[in-house]
Amino acid sequence: MAPKDSKDILQMDLYGLLGIKENASPKEIKKAYRRKALECHPDKNPDNPSAVELFHELSRALEVLTDAAARAAYDKVQRAKRLAAERTKNLDEKRKKVKLDLESKESNAWSSREEQEAAAKRLQEEIERLREEGSRQLEEEQKLIREQIRRQKEQSGQGLSTSTHQVTPKLKVKWKSKKDDESNGGYSKQQLMVIFQKYGEVMNLLISAKKKGSAIVEFASPKSADLAARNELGLAQNPISVSWLEGRPPGFSSSSRPPSGPTSSTAQQPVERDFESVVMMRMRQAAERQRLIDEIRREEEEAGEL
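The paragraphs below set out a description of the structure included in this document. (Residues numbered from 1 in each chain as written. Predicted model: local features only at pLDDT ≥ 70, side-chain atom pairs only at ≥ 80, totals over all residues. Heavy atoms only, no water.)

**Considerations on the overall build of the protein chain**
Inclusion rule: Segments assigned H or I by DSSP are reported as helices when at least four residues long, segments assigned E as strands when at least two residues long, and all are numbered from the N terminus. When accessible area is computed with a 1.4 Å probe and restricted to protein chains, residues below 20% of their type maximum are described as buried, those above 50% as exposed, and intermediate ones as partly exposed. Accessible surface area values rest on a Shrake-Rupley calculation with a 1.4 Å probe, where residue burial reflects the displayed protein chains alone.
For the protein chain, the helix and strand inventory stands at 11 helices and 6 strands. Residues counted as buried form 45% of the 306 residues belonging to the protein chain. Accessible area for the protein chain stands at about 16700 Å²; split by element, carbon and sulfur atoms hold 50% of it.

Written out as C-alpha cells, the structure reads:
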C-alpha cells in the first residue's frame, strides 16, 4: 500500500480529519464529508496525488462514523488510548521511562492487554463487516458528489466527453470462482462498484460473462485507478488481484503490491500492512510491553520487601 493510504484506522483521527466534534450527529458528519470530499475529489484534482489519497481517507472516515456499530468500536479504541495516556502521566519516573521506551517502538498507547485485545478485535470485526457489506452512506454521498461535479463541468462548458485519442484508465480484476458458483465467488457488480468507488469515479464496470472471477473497471481519473491498483485487496475470504489493463500514464507503476492470497515469506513484505496484520502486530507488542512492566513491578516489590 502507499504510505499515506496504508494508515490503519487505529492511527487515524477520523473526527479531526472531517473537522468535526466527537459528538457530531450523522447529518453533521455527512455535511462535513461532502464539503471536504468535493474539494479534493480526484476528478477535480487529476494531477494531485495527495488530494486523491485524502479523498480515500475521507471515504474511510465516513464509512466508519456513519455506521453505528463501527463508530462505537472506533470510539472505544480511542477512549482506551486516552486512558492509557493519562495513566502514563501518573507513573513514577522509573516505570514511566520503561513504558515510554517500549511505546517508542509503536505509535499507540494502550491501557491493559485485555482492553487492548477486546477493543482492537471489535474494531477489526466492524471494519471487515463494512468491507464486505459496503457502506450505503458512502455510496449515496459519493453519488451526490459525482452529480455535483458533473453539473459544474457542464456549466463551465467542459463537458464530460473524453477526447477520441485519449484512452481512459482501465483495471483488470481477478478472483477465485468455480464455474458452477452462481455467486461468482461473492462478487456482484454492485459489490465491486462499492469497493472501487472509494477511490474515485467509476465510469464503467463489466463482469466477464464467459470467464468466472474476472472483471474490468474503468475509472475517470488515472490517479484513482492507480490508487485502487496499489491498495485494494477485496473481501477477506476471497481476495482479489488488481492490475492495469490500459490507460496507464507514463511513470505509473504497473502494481505496487503482489496479488492477494497465499504467498512466500519473501513476497509478503510491507503490503501486509493492512488493518488485520497491523492489529495483530500491535497485540503482540502490547502483550510483550505489559509483560516487561509486570516484571519490573515484581522486582520493585521484591526490593521493597528486602
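**Quick notes on the environment of Ala70**
Selection criterion: The criterion used for residue contact is that any of the two residues' heavy atoms lie within 4.5 Å.
Mapped onto the secondary structure, Ala70 falls in helix α4 (residues 68-90). Distance in space between the C-alpha atoms of Ala70 and Leu123 is 6.5 Å, their sequence separation being 53 residues. Those residues within four positions of Ala70 in sequence are excluded, and the remaining contacts are Val64, Leu123, Glu126, Arg129 and Leu130.

**Considering the packing of aromatic side chains**
How we decide: Pairing of aromatic side chains here covers Phe, Tyr and the six-membered ring of Trp, requires ring centres within 6.5 Å, and sorts the geometry by plane angle: under 30 degrees stacked, over 60 edge-to-face, intermediate tilted.
Tallying each qualifying case throughout the model produces 3 aromatic pairs. Considering the side-chain rings of Tyr15 and Tyr74, the 6.1 Å spacing of their centres and the 50° angle between planes classify their relative orientation as tilted. Within this pair, whereas Tyr15 is found in helix α1 (residues 14-18), its partner Tyr74 is found in helix α4, the two being separated by 59 residues in sequence. Exposure class is identical for Tyr15 and Tyr74. Each is buried. Residues Trp175 and Tyr187 carry aromatic rings whose centres are separated by 4.9 Å and whose planes lie at 45° to one another, so their mutual orientation is tilted. Residue Trp175 is located in the loop between β1 (170-174) and α8 (189-196), and its partner Tyr187 is located in the loop between β1 and α8; the two are separated by 12 residues in the primary sequence. By relative accessible area, Trp175 is classed as buried at 7%.

**A few points about the nonpolar core**
Inclusion rule: Nine residue types can take part in a nonpolar core, namely buried Ala, Val, Leu, Ile, Met, Phe, Trp, Tyr and Cys, and a core is a set of them joined through side-chain atoms within 4.5 Å.
Core analysis: the largest hydrophobic core is formed by 33 residues, its most contacted members being Leu18, Tyr33, Val64 and Leu65. Going through the elements one at a time, α1, α2 (26-39), α3 (49-65), α4, α6 (113-133) and α7 (136-156) are the ones with two or more residues in this core. By residue number, the principal contributor to this core is α3, which donates 7 residues. Val173, Ala225, Ala229 and Trp244 belong to the second-largest nonpolar core, a separate cluster that totals 23 residues.

**Description of the pairing of strand β2 (residues 202-207)**
In summary, the side chains of a regular strand alternate between the two faces of the sheet. Selection rule: DSSP-based pairing: two strands are paired if at least 2 bridges between them are found.
Note: β2 against strand β3 (residues 214-219), 5 bridges, orientation antiparallel. Bridging across to β3, Val202 finds its partner in Phe219. Joining the antiparallel neighbours β2 and β3 is a turn of 6 residues, in which Gly213 adopts a positive phi near 70°.

**Quick notes on unusual backbone geometry**
We note that Asn184 has phi near 55°; this positive angle belongs to a residue other than glycine. Take Asn184: it is sitting in the loop between β1 and α8. Judged by relative accessible area, which is 9%, Asn184 ranks as buried.

**Observations concerning the sheet that holds β3**
Just so we agree on the cut-off: Here the axes come from fitting lines to C-alpha atoms, over the contacting stretch only for helices, and the angles between their N-to-C directions go from 0 to 180 degrees.
Spatial ordering of the open sheet is given by β2-β3-β1-β6, a layout of 4 strands whose pairing is antiparallel. Looking at which strands have only one partner, the edges of the open sheet turn out to be β2 and β6 (241-246). With strand direction ignored, the average angle separating the axes of adjacent strands in the sheet is 25°. With 5 bridges connecting them, β1 and β6 associate as antiparallel partners. Looking at the pairing, Leu171 lines up with Trp244 of β6. With respect to the sheet, α8 is in contact with β1, β2, β3 and β6, its orientation differing from that of β2 by roughly 145°. Across the sheet, helix α9 (residues 222-231) is in contact with β1, β3 and β6; its angle to β6 comes to roughly 150°.

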